[in-house]
Amino acid sequence: MSDLLSLGSSAIGVYKQALATVSNNIANVNSDGYSRQTLAINQNQPVQAGTAFLGTGARVVAVERQFDGFVENQLRVSTSDLAAQKPLVEYTGRILDRFASKDSALSGALDNFFSALGGLGADASSLALREIALSDAALLADRFGALDTFLTSQGEASETDLSNTVSEINALAVELGGVNLKLGRKDALSKQAPGLLDERDRLLRELAEKVRLDVTEAPSGVVTVRLGASAGAGALIAGGEVRTFGVQFDPLAEDRMAFFLEPAQPSQGRMVLSGVGGGALGGLVTFREQVLEPTRSTLDSLAQGLVDEVNRLHRAGMGLDGATGRDLFALKPDYRLAGLDAERGFSLETSLAGGDAAVVGSFELRFNPLSNRWAAHIPGAPGEGERVVPADDAGLITLDGTVLRVSGTPSGAETLKVEGRRGGAGEVVLALARAEHLAGADPLRLRSGELNSSGAQGTMSFSPLPGASSGPGALSTVLVNNPAPASGRAFSSLDGTLFAVPAGSEGTELVLSGATDDATDLRVFTREGILLSGPALSAAEQDSLITGEQGFTPRASYGALAAEEAYRDLTVSRGAFADLDLEGVASLTGDRAFSVDATGGISAAVRGALEGGALSLNGVALTGAIADDAQGVASAASVAAWLAGQDALTAAGITATADTSLSFSTLDFSDHAGLTLNGVTIVNASGSTSVTNLSELVGAVNDQTGATGVIARAGLSGELILRNAEGREGESILIGAQAPLASDDNILGTPTGAYGGQLTLSGPAAFALTLSAQGTPATFSALGLDTRVRIGGVQRDDLLVSLSGAETVSVAARYEAPAFDALASLREEALAVRFESGGASYVIEELSSGTELARGSYLPGASIRYGGAVLAFQGQPGEGDVFFLEDNALGVDDNRNVQRLAALASNGIEALGSKSAGDYYASLASRLGTLSRQAVIGEQALEVVKAQAEEAKDRVSGVSLDEEAADLIRYQQAYQAAAKIIQTSQDLFDAVLAI
Amino acid sequence: MKISTVLQFDRAAGQMGKLTGELAQQQARISSGEAFLAPREAPKDATALLRLDALRSNQDVRLNLLDRAEARADLQESALRSVSDVLIRLKELGIQAANDTYSDSDKKVFALEVRALGEELLSLANTRDAEGNAIFAGAATRGAAFARGEDGAVSYLGDSTRIAVPVGESRSLLLARPGTDFFTPVAVPGAAEGTRESFFSAIDRFAETLETGGDVSATTLPQLDSMLEGSSLALARVGTDLSAVNQQREILSEERLQTDALISDLRDLDFAEAITKLRADQLALEAAQSSFARIAGQSLFNFLR
C-alpha cells in the first residue's frame, strides 16, 4: 500500500532507529571493546499500480556491527608479541642494572681483592695489609653471594609473575567460556547480539596479552582456544568447556618449567603443552631461559674457575706460619630439596664443617618419628649397602664435610629427596681463618753461599714431579702387590729398568727367585744414576742403561756408593727376614729344599761362598768351615749345623735346623718298578722289590730305616711321606731306581737323584739373614731361599730397579705407596748445590747426611732439576760456589706467591676460556647489555606494529564523534523530512475535507 | 582516514606522558651529573666502564707500589751513605796505622776505634724500615740481617731472595736485595786465588791485626778499597732504582690521566649537551600540550548550535 502516511510513518520509524543507533555509538564512545554499529536501511518491495511500480518506503534490515576478522586477528597477534617484550625488558634491565653498576657489580669486588693482593706484594709480612687482603677476599665471596641472591630473587619474582599470569589466564578463560555458552544458543554469526561478540573479542584480546593464542571460530561465533604448538593436547576453551591451565617449576633449574592442562576427568593424566609462549607469560619464560639461567650458570662458572685457580696457587704457597696447602676460598656443596618438598614447608640449610667438603650427588633425608631425628640415606655403589648418617643431638647432619640442617615440621615418617651438585656463586665462602695463613711466600728458597766468588744469582721454582715421561712404569702398575714368587713376573737384564719404586713408598720388598748364576742380582738406582744395591755396572752397561729412555734424569751420570756408605736415610738390604709373630717367635723357613748335587751336597762354589762370609746375621758376617754330615757331604744338615754353631746365632738365641720331608702321590706299583733310598734297595718282607701297595711300601721302607736313615708314613690322601730318621735330620735323601731299569722308573714316579732338606731358623726376636756384598742371590737360592730386597727407612727419591746377569728370573713384590709430598721432603732436608771444575759441573748433596744425590755437568743457561725443584742461574757460577735449596720459613717478606695471586687480575684462567676473571665478568655484563638493548629495540619495533594494527581496527570499528555528529544531522534531517511527509498528508487530507 | 575519538585522546596522552618522563630523567641526570642513571640506559658504556675501573684500580696499585719502592730506596740510600762515611774513616785509620811511626800501643788505640766503627757498620747493616723489616736481609726481614755468633764472627742471616714488585706491564722494581749485595765479601790479599772473606770478618781482622801490632798495609788497605768500591756500587744501584721509580711514575701518571679521561668521557654528563636536550624536550612537550588543547577543542558538535 503506497500512500503518503504509511510512507512517512515507516520512514519516521526507520530514522528513529537510525538516530538511536547513532546515539548508541555516541554513548559507547568510551566503552572498552565496543564496535561501531550502523543501521542497514533498505527499500520496501514496490507495489504495481497498472504499469507503474510505486515505492512503499524504507525498512530497517539490521543493526550491523563494524568488524573485520582479519584486522582483529592481527591486533591479537601484535598484542601478544608486544606483551612478551615488556617483562623481558623490565627483568633484563633489572639484572643489567645490578650487574653493571659500579657499586654492586662483581668487578669492583674483584678489583679490590686483586689490589689488596698487589699492595701486599710490597710488604708481604705486614699483618695490616694481610687483614685488608683477607677482608677484601671475604667481600668478594659476599659479592658473589649477593649477586647469586639477587638472581634468585629475580627468579622468584618472575616465578610469582608467571603463576599470577596463569591464574589470570584461567579467570579470563572461564569468562570466555561463559560467552561461548551464550553464543552457542544461536546458529549464525549474524544472529548474535553485537555486544556479545564485542565481549568475546575483548576477552580474547586480554587473553592474548597474557599468552599467544590459537583461535578457531565456528560459524556461530563460538571460539576454540588452544595454547602452544601441540594441537593434539586439547584446547583451553572449547565451547563452554574450560580446562584449568597450570605451570610446574623445577626447583633445580630455573630455565625448566612445564605447562599443562588439568584433565577434564580426574582419572586422566595432565596434558603437557609444548611451545607455550607469547604474551606476558612467554616474555617471562624467555627471560628465565635466555637471561636468568645463562647469567647464573656463567656466574657459577666464574666462581668455580676463580676459586679453583686461586686455591691452586694458594695451596702451593706458604703462610707466615710456614704451612702450605691451604685453600683461600671454599665452595659449599649446593644441596637442594628436589620435587615439591620445598613447597611443603621444608627447607635445607648448609654450612661447611671446615676443611674440604665432597659433594654427594643425590640422597634422601628421612625422618624417623621414633628417634625424632632426621638421617641422610646415601645410596651405595652397586653391590654396597646404603650409608646412613643420622643427625646429632643438635639436629645437625654432618655429611662428608658439609653440615646440613633440615627445617620444617615432619608429620610422622617423612622422606625428602635432595639433589647435590658443586657449589657456584652462591656457595663461595672464605676458607682462610687467619691473616697469617695467607700464603704470600714460596715454601722453598735458593740461598747463595755467603762467600760465593761469582756474583751468580740463583732462582728456584717448584713444580710437583710430572711423573717420568719415559722409562718404566711405577711398581704398582708392573707387579701385583703379593710377594709370593707365583705372583711375580719373569724378567731378564734385557728388560732394562723393570719398574720405578716411587718416592714415599714404605716397606717395599722385592722377591727374586730362581737365580742360579752368581751374576744374577737386582740393581736398585736413584733416577740420578746412583747405584744403591747390586753389582757395579761395566762401562758398556752404563752406556746402555743410564739413559733417559730407561727413566733416568737426562744427563744423569752413573755413580755407586762406596762400601758401607749410606744413601740418605735409606737402607737397602738383600736376604731373608724373620719378623716377630703373634706368639713372640721369629722364624724363617726355606722357600724350597736345598739345591744339592747327585751326592746330596751343596756345590763347592756355594760352600766356598758361605765359608767366605757371603751371609750375615743381623749384620754380623758368618764364617768358618762347614763340616760334612754323616754321609760325607755338605747337606742341609751340615749348613744348619754350621749356622747353629755361629756366635751371632747363639748370641741372638736363634736355632737353626734342617729337615728333609718328601711327599709322593703318583705312586707306581707296576711289577717292574723298584726303589732305592740312599743306595739301599727297598724290599718287602719276602725280600722282593715288587711292592704292590702303599702300606706294604711304608712297611718296607720302615723295615730298612736303620740302613737308609729314612722313615715313611702314609698321608691322609694316599700319598707316601718320606722323612729323615731321628738324628739324621736335614740329610739329603737319594732316590734311585733298581738297576737296570731306566733312571726315573721307580715306585715313587719321581726322577731319581738327591733331594735336599729345608732350612728353618727360629729365634725370640726379629732377625735378618742377609747377603753381604760378595753374597749373591744364587748362593741364597742354593739354600732354598728366595732373595728379598728390602727398602727401608725414609724413601725420598724415586728408585729404578733392573736385573744383572743373563738369566731370566721371577721378581715379585710387596709394597705400600702412600702419597708422597715432594715439597715437604725438600723442606725437611736441605740440599746444597756445589759447583766444581770452575762451574762446569755441579753436585747436589743432602746437607744433613752429606749424601751425594746427583752430579752433572752445568750448561750455562740451562736449569738444574731435582725432586721437582727447578733451579736457574743468572751469571756463571764459579768454582766452589754453593747454593742452598732449603725451607723458606724465615723468608716472611717473600712475595713471590702473593704476586702470582695478584697477577690473576690480568692473567687468563684456563677454566674461564683463558680470560681473566675481570674480563670474563665484563663479557657477562656485555652480554646482558646486548640482551637488554635487543629487548628494548624489539619492544619499540613491536609498539609500531601494534599501533598500526590498532589504527587498522580503529578505522573499521572505532567511534569518531565527528562522524557520529554528521550522521546525527543526516538522520535528523531525514526524520524531519519524513515528518513533513506526514504533515503534507494531513494537509492534503484537510484540503480534501475542506472541499 | 578516520581516527576514533578514543584513539585520538589516547595517543596524545601517551605522547605527552612519554615526553614528561624523558624530561624528568634528563633533569635527574643533570642534578646527579652522571651521563646515565642506570646501566640499562647505556649498556655499552656501563660495561666499558667496568673494564676501565679495573684498569684504574690496577694503575693505582702500581703507583702505590712505586711509592713503596721509593721509600725503600731512600732508606737504603741514607744507610749506605753512612756506611760510606764509616768506611772512609776506617781507611784513614788504616793509612795512619800503616805508618811506622805509631807504636803498638798507639795501634791498640786505633783498634778500639776500628771495633767501634765495626759495630756501627753492623747496626747500619741491620737498619729496619717503619714496619720493622730489616732492609738488608732479602726476604728474611723478621730477624737481624747480620749478627755476631757465639764465636764472635758476624754472619749473614738473611736470604738471597730479591723482592720484586710489578710497576708496569712488563716492568718490575726490586724492593729488597740480599744484604751481601751491599756488604760484599772481599778477596783476601796474599791468600790463594778466589779466597774471600765476609765484609765484617775483614773489619774484625783489621782490628785484630792492630791489636797484635801487625801490619795492615798489605791486607786491610786493599780490602778497605774494595769495600769502598762495593759501597759506591751499591749506592749507584740504589740511585738507579730511584731514577727508575721516577721514570716509571711519569709513565704511570700519564696512563692514569688517560684512563681518568676515558672514564669521565663515559660516566660524566656533558652539561652543555644535556641542557640543550632538556630545552628541546621541554619545547616538544609544550608544543604537544598546546596542539592537543587545540585539536581536542575541535569537534563538530561545537559548530552545531
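Parameters at a glance
Residues numbered from 1 in each chain as written. Chains lettered and ligands numbered in written order. Predicted model: local features only at pLDDT ≥ 70, side-chain atom pairs only at ≥ 80, totals over all residues. Heavy atoms only, no water. Helix = DSSP H or I, 4+ residues; strand = E, 2+ residues; numbered from the N terminus. Contact = heavy atoms within 4.5 Å. Areas by Shrake-Rupley, 256 points an atom, 1.4 Å probe, with all protein chains shown as cover. Lys, Arg positive; Asp, Glu negative; His and termini not counted. Charge placed at Lys NZ, Arg CZ, Asp CG, Glu CD. Phe/Tyr/Trp six-rings, centres within 6.5 Å; stacked < 30°, edge-to-face > 60°. Buried < 20%, exposed > 50% of the residue type's maximum accessible area, 1.4 Å probe, protein only. Axes fitted to C-alpha atoms, helices over the stretch in contact; angles between N-to-C directions. Parallel < 35°, antiparallel > 145°, perpendicular 65-115°, else oblique. Nonpolar A, V, L, I, M, F, W, Y, C, P; charged D, E, K, R; others polar. Expected span 1.5 Å × (residues − 1). Bend = angle between axes of the 7 residues up to and from the residue. Buried area = accessible area lost by both parts, 1.4 Å probe. Salt bridge = Lys/Arg side-chain N within 4 Å of Asp/Glu carboxyl O. Pairing = 2+ DSSP bridges. Polar contact = N/O pair within 3.5 Å; in protein donor to acceptor, adjacent residues only side chain to side chain. Domains from an automatic or database assignment.

1. Concerning the overall build of chain B
No. 1: Check the secondary structure of chain B and you find 7 helices and 6 strands.
No. 2: In chain B, the succession of helices and strands from N to C terminus is α-α-α-β-β-β-β-β-β-α-α-α-α.
No. 3: Its C-alpha atoms give chain B principal-axis dimensions of about 140 × 30 × 30 Å.
No. 4: Residue pairs in contact within chain B that sit at least 24 positions apart in sequence constitute 66% of those at least 6 positions apart.
No. 5: About 15200 Å² of surface is accessible on chain B, with carbon and sulfur atoms providing 54% of the total.
No. 6: Averaging the positions of the 33 positive and the 45 negative side-chain charges in chain B gives two centres separated by 12 Å.

2. Remarks on the packing of aromatic side chains
No. 1: Taken as a whole, this structure holds 26 aromatic pairs over all chains when the rule is applied.
No. 2: Where A:Phe99 meets A:Tyr921, the ring centres are 6.2 Å apart and the plane angle is 15°; that geometry is what we call stacked. Of this pair, A:Phe99 sits in helix 2 (residues 69-100) while A:Tyr921 sits in helix 17 (residues 917-957), placing them 822 residues apart in sequence.
No. 3: Exposure remark for A:Phe99: the relative accessible area of 0% places this residue in the buried category.
No. 4: Since its relative accessible area comes to 0%, A:Tyr921 is described here as buried.
No. 5: Taking the centre distance of 5.7 Å and the plane angle of 10° together, the rings of A:Phe245 and A:Phe259 count as stacked. Here A:Phe245 is found in strand 9 (residues 245-250), whereas its partner A:Phe259 is found in strand 10 (residues 253-261), with 14 residues between them in sequence. Take A:Phe245 and A:Phe259: they sit in the same class, and that class is buried.
No. 6: Ring pairs connect the aromatic residues B:Phe136, B:Phe146, B:Tyr156, B:Phe182, B:Phe183, B:Phe199 and B:Phe200, which therefore count as one cluster.

3. What to know about the packing of helix 5 (residues 194-210) of chain A against helix 6 (residues 279-316) of chain A
Residue and element names in this part refer to chain A.
No. 1: Orientation of helix 5 relative to helix 6, taken along the N-to-C sense of each, is 5°, at an axis distance of 3 Å. Between helix 5 and helix 6, the interaxial angle falls into the category roughly parallel. When helix 5 is examined against helix 6, the residues Ala208, Glu209 and Lys210 are found in contact with a partner set consisting of Gly279, Ala280, Leu281 and Gly282.
No. 2: Among the residues forming the contact of helix 5 with helix 6, the class breakdown is 3 nonpolar, 2 polar and 2 charged.

4. Looking at helix 6 of chain A
No. 1: End to end, helix 6 of chain A covers 55 Å across 38 residues, agreeing with the expected 56 Å (1.5 Å per residue, within 8%).
No. 2: Most pronounced at A:Arg288, the bend in helix 6 of chain A amounts to some 35°.

5. Remarks on unusual backbone geometry
Excluding glycine, residues mostly carry a negative phi; peptide bonds, for their part, are mostly trans.
Residue and element names in this part refer to chain A.
No. 1: With a phi close to 45°, Asp400 is a non-glycine residue in the positive phi region.
No. 2: Examined against the element boundaries, Asp400 turns out to sit in the loop between strand 18 (396-399) and strand 19 (402-407).
No. 3: When its relative accessible area of 31% is taken as the criterion, Asp400 is described as partly exposed.

6. Thoughts on the interface of chain B and chain A
No. 1: Between chain B and chain A, the contact holds 52 residues from the first and 68 residues from the second.
No. 2: Contact between chain B and chain A buries roughly 4700 Å² in total, counting both sides, with carbon and sulfur atoms accounting for 54%.
No. 3: Its largest share of buried area at the contact with chain A, chain B owes to B:Lys2, B:Arg40 and B:Leu50, together 16% of the area lost on that side.
No. 4: For the pair chain B and chain A, the interface holds 7 salt bridges.
No. 5: The salt bridge partner of A:Lys102 is B:Glu34, with a shortest N-O separation of 3.5 Å.
No. 6: When residues of the side of chain B that touches chain A are traced back to their parent elements, those giving at least two are helix 1 (5-32), helix 2 (43-98), strand 2 (154-156), strand 3 (163-168), strand 6 (196-197) and helix 7 (300-303) of chain B.
No. 7: Among the elements that line the side of chain B that touches chain A, the one with the most residues is helix 2 of chain B, at 11 residues.
No. 8: Of the residues assigned to the side of chain B that touches chain A, the class counts are 24 nonpolar, 14 polar and 14 charged.

7. Examining the pattern of salt bridges
No. 1: The final tally for this structure, using the stated rule, is 90 salt bridges over all chains.
No. 2: B:Arg115 is paired through a salt bridge with B:Asp204; the nearest N and O atoms lie 3.9 Å apart. Of this pair, B:Arg115 sits in helix 3 (residues 104-125) while B:Asp204 sits in helix 4 (residues 199-211); the two residues are 89 residues apart in sequence, bridging distant segments of the chain.
No. 3: You can call B:Asp204 buried: its relative accessible area is 13%.
No. 4: Taken together, the shared-partner salt bridges in this structure form one network comprising A:Glu509, A:Asp579, A:Asp591, A:Arg788, A:Arg790 and A:Arg814.

8. Regarding the pairing of strand 10 of chain A
Residue and element names in this part refer to chain A.
No. 1: Inspection of the sheet shows strand 9 paired to strand 10 by 6 bridges, in the antiparallel sense. Its bridge partner being in strand 10, Gly246 is matched across the sheet by Phe260.
No. 2: Counting the residues between successive antiparallel strands, the hairpin from strand 9 to strand 10 contains 2 residues.
No. 3: Pairing of strand 10 with strand 11 (residues 271-273) involves 3 bridges; the strand directions are antiparallel. When the bridges of strand 11 are listed, Leu261 appears paired with Met271.

9. Considerations on the environment of A:Glu565
All names here are of chain A.
No. 1: Looking at where Glu565 falls in the secondary structure, it is placed in the loop between strand 29 (559-560) and strand 30 (570-578).
No. 2: Classification of Glu565 as partly exposed rests on a relative accessible area of 38%.
No. 3: Within the structure, the side chain of Glu565 is placed 2.7 Å from the backbone nitrogen of Ala562, a separation counted as a polar contact.

10. A look at the side chain of A:Ser220
Residue and element names in this part refer to chain A.
No. 1: Examined against the element boundaries, Ser220 turns out to sit in the loop between strand 5 (213-217) and strand 6 (223-227).
No. 2: With a relative accessible area of 12%, Ser220 lands in the buried category.
No. 3: Beyond its immediate stretch of four places on either side in the chain, Ser220 contacts Leu183, Lys186, Asp187, Ala188, Leu189 and Gln192.

11. Comments concerning the domain arrangement of chain B
No. 1: With domains assigned, chain B is organised as domain 1 (5-52 + 268-303) and domain 2 (64-262).
No. 2: Look at where the C-alpha atoms of domain 1 of chain B and domain 2 of chain B centre, and you get two points 72 Å apart.

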